[in-house]
Amino acid sequence: MTRTDRPRLIVGISGASGVTYGLRALDACRELSIESHLILSRAAALTIAQETELSVSEVQARADVAHKIGDVGASIASGSFPTLGMIVAPCSVRTMSEVATGVTSSLLTRAADVTLKERRPLVLMVRETPLHLGHLRTMVKLAEMGAVIAPPLPAFYAKPASLEGMVDQSVGRALDLFGLSWRPVKRWGQDVGPLSSEV
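Residues numbered from 1 in each chain as written. Predicted model: local features only at pLDDT ≥ 70, side-chain atom pairs only at ≥ 80, totals over all residues. Heavy atoms only, no water.

1. Some thoughts on the state of the cysteines
This model, assessed by the stated rule, comprises zero disulfides. C91 provides the cysteine sulfur closest to C29, a residue in no disulfide bond, and the two sulfurs are 17 Å apart. Judged by its relative accessible area of 1%, C29 falls in the buried class. Under the relative-accessibility criterion, C91 is labelled buried at 0%. (Disulfide = S-S within 2.5 Å. Buried < 20%, exposed > 50% of the residue type's maximum accessible area, 1.4 Å probe, protein only.)

2. Remarks on helix 6 (residues 133-145)
At 3.6 residues per turn, the α-helix brings residues three or four places apart onto the same side. When the terminal C-alpha atoms of helix 6 are compared, their 18 Å separation across 13 residues agrees well with the 18 Å that a helix rising 1.5 Å per residue should span. Taken residue by residue, helix 6 has H135, T138, M139 and L142 as its buried positions. Along the long axis of helix 6, the arc covered by the buried residues comes to 100 degrees, so they all point the same way. Counted as exposed and oriented over 90 degrees from the buried face of helix 6: R137 and E144. Two residues or fewer past helix 6, G146 is found with a positive phi of approximately 115 degrees. (Helix = DSSP H or I, 4+ residues; strand = E, 2+ residues; numbered from the N terminus. Expected span 1.5 Å × (residues − 1). Arc of directions from axis to C-beta.)

3. Points about the side chain of T95
Secondary-structure assignment places T95 in helix 4 (residues 93-101). With a relative accessible area of 8%, T95 lands in the buried category. Here T95 is in contact with S14, V88, L108 and T109, once residues within four sequence places are set aside. (Contact = heavy atoms within 4.5 Å.)

4. Notes on the nonpolar core
Counting 29 residues, the largest nonpolar core has L9, V11, I13, L38, I87 and L175 as the members making the most contacts within it. Taken together, the elements giving at least two residues each to this core come down to strand 1 (8-13), helix 1 (19-31), strand 2 (35-40), helix 2 (42-51), strand 4 (86-91), strand 5 (122-126) and helix 7 (163-176). Of all the elements, helix 1 adds the most residues to this core, at seven residues. Setting aside its immediate chain neighbours within four residues, V11 contacts G22, A25, L26, C29, H37, L38, I39 and I87. If you look at the next biggest cluster of nonpolar residues, it comprises 25 residues, including M86, V88, V126 and M139. (Core = buried A, V, L, I, M, F, W, Y, C linked by side-chain atoms within 4.5 Å.)

Written out as structure tokens, the structure reads:
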């Protein structure tokens, strides 16, 4: 692979519902000139077919680099490969649980494990409800390990006019955690809400 001076972000898409979050994260990377490294789980291919009109190859084409799920020798499997961190959008409970144990069976969870060990931001957009006690304990464990649990919950204060607006707000707020400011995000005190400190 050619060397680049562009910052890199790893984007994982697991099999949970909400593949649109990962797609918009890839779009945001392109708009922000961030080099995106994509990993799709095997179950994500099923979700892509169910929730979009896109093929797996079309989703992969949105990334700068698309890695194979079984390629544990890929660049992003090593801590010596510098990245801004990793976002898993959406993140299934299975993926979350593998990362929490450190027993990784694919490049997706291996890259997440590497992100944690290198003390880089790992943002998990967990998509499951309701949550039982085992899910909650796993999330606590991940938070203690340094991961950020960021379920894609709608921000109604932003007054989204469409489903796309709700998705973009959630993705943009997740990208804030990497120090990336994406144009579609509506910010309290700037775009919405009280715009000054005057009472």
